[in-house]
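Observations on the three-dimensional arrangement
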Amino acid sequence: MGTKGRPVDETARGRETASARETTLGMRRMLQIAAALVLIIGLPTYLFPEETHALFSWTVNPPITAAFLGGAYLTSMFVEYLASRERYWSNARIAVPAVLFFTVLTSIVTLRHLDTFHFGGDHSAFTQLSTWVWLVVYLVVPPVLAVLWWHQTRGPGGELPREAPMPVAMKVVLGVQAAVMLGIGAALYLAPESNADDLW
């Protein structure tokens, strides 16, 4: 590109950026809080998977499941934290649907299986506290995040133009991966007693 074209492109880019929707402060704070929470949950389950009877809200068996859960939480921490640092909503929004969907599904499972959680005097004060924190978080986060998302999408501004569209090959690979994970996840979620041994 010649030097004569650069000022025009930069000016156009400046106009597009100036009119882009920014990530709201509320959404930033929500993503930061979510990142901190999954860090707190992920570290003990990943590092001490055999101690969930004392360090977690319920006893996870086998321990490899706890380690896998902890690894997933720690991974999501980076996604949520990096999204919270994005000025423009176009660059931050990818984290929100996944977080909301996960917290809604986890809330449902939590309420269905409260009898397996570490409530009551048979558990230490720390274990009971972590259990109550889990319950409060998964009852509060989904509606709060949904309201923040609704507010975010109605703010002023538009979308940033795509600078580097994802290659078709990558879309295909991710699509296949998503289909496999959706199938296995749905089976484990809807019928854990009958599918856990075979699929997990």
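For the structure, see preceding data.
Everything in this summary refers to the structure shown in the same document.

What counts, and where the lines are drawn
Residues numbered from 1 in each chain as written. Predicted model: local features only at pLDDT ≥ 70, side-chain atom pairs only at ≥ 80, totals over all residues. Heavy atoms only, no water. Helix = DSSP H or I, 4+ residues; strand = E, 2+ residues; numbered from the N terminus. Buried < 20%, exposed > 50% of the residue type's maximum accessible area, 1.4 Å probe, protein only. Contact = heavy atoms within 4.5 Å. Axes fitted to C-alpha atoms, helices over the stretch in contact; angles between N-to-C directions. Parallel < 35°, antiparallel > 145°, perpendicular 65-115°, else oblique. Left-handed = near helix turned anticlockwise from the far one by under 90°. Nonpolar A, V, L, I, M, F, W, Y, C, P; charged D, E, K, R; others polar. Core = buried A, V, L, I, M, F, W, Y, C linked by side-chain atoms within 4.5 Å. Phe/Tyr/Trp six-rings, centres within 6.5 Å; stacked < 30°, edge-to-face > 60°. Salt bridge = Lys/Arg side-chain N within 4 Å of Asp/Glu carboxyl O. Expected span 1.5 Å × (residues − 1).

Moving on to the overall build of the chain. For the chain, the helix and strand inventory stands at nine helices and zero strands. Buried positions account for 28% of the 200 residues belonging to the chain. For the chain, restricting intrachain contacts to residue pairs at least 6 apart in sequence, the fraction spanning at least 24 positions comes to 74%.

Orientation of helix α2 (residues 25-47) relative to helix α4 (residues 63-84), taken along the N-to-C sense of each, is 155 degrees, at an axis distance of 7 Å. For the element pair α2 / α4, the angle class is roughly antiparallel. Pair α2 / α4 crosses with left-handed handedness. Judged by residue contacts, R28, L31, Q32, A34, A35, V38, L39, I41, G42, L43, T45 and Y46 of α2 engage A66, A67, G70, G71, Y73, L74, S76, M77, E80, Y81, A83 and S84 from α4. Residue composition of the contact of α2 with α4, by class: 15 nonpolar, seven polar and two charged.

M27, L31, Y73, V96, W134 and L145 are the most contacted members of the largest nonpolar core, which has 25 residues in total. Sorting the residues of this core by element identifies α2, α4, α5 (89-92), α6 (95-112) and α7 (125-153) as the ones contributing at least two each. Contacts of W134, omitting those with residues within four sequence positions, involve I41, F56, S57, W58, Y73, T106, T110 and F117.

A few words on the packing of aromatic side chains. Evaluated as defined, the whole model comprises nine aromatic pairs. On the numbers, 5.3 Å between centres and 55 degrees between planes, the contact of W58 with F117 is tilted. Note that W58 is positioned in the loop between α3 (52-55) and α4 and F117 in the loop between α6 and α7, a separation of 59 residues in sequence. Among the residues examined, F117 registers a relative accessible area of 8% and is labelled buried. Relative to W132, the ring of F119 lies with its centre 4.8 Å away and its plane at 65 degrees, an arrangement referred to as edge-to-face. With F119 in the loop between α6 and α7 and W132 in helix α7, this residue pair connects regions lying 13 residues apart in the sequence. For F119, a relative accessible area of 26% gives the class partly exposed. Through pairs of rings, three or more aromatic residues link up here, namely F56, W58, F117, F119, W132, W134 and Y138.

All chains considered together, the criterion is met by three salt bridges. Between E159 and R21 there is a salt bridge, with its nearest N and O atoms 3.2 Å apart. Highlighted residues: E159 in the loop between α7 and α8 (168-190) and R21 in the loop between α1 (6-18) and α2, separated in sequence by 138 residues. The class for R21 is buried, based on a relative accessible area of 11%. Between E22 and R87 there is a salt bridge whose closest N-O contact spans 3.0 Å. Of the two residues, E22 sits in the loop between α1 and α2 while R87 sits in the loop between α4 and α5, which places them 65 residues apart along the sequence. A residue is classified by how much of its surface remains accessible, and R87, at 46% relative accessible area, is partly exposed. Overlapping salt bridges bring together R21, R93 and E159 as one network.

Between the first and last C-alpha of α6 there are 26 Å, a value that for 18 residues agrees with the 26 Å anticipated at 1.5 Å per step. Contacts from the buried residues of α6 go to α2, α4, α5 and α7.

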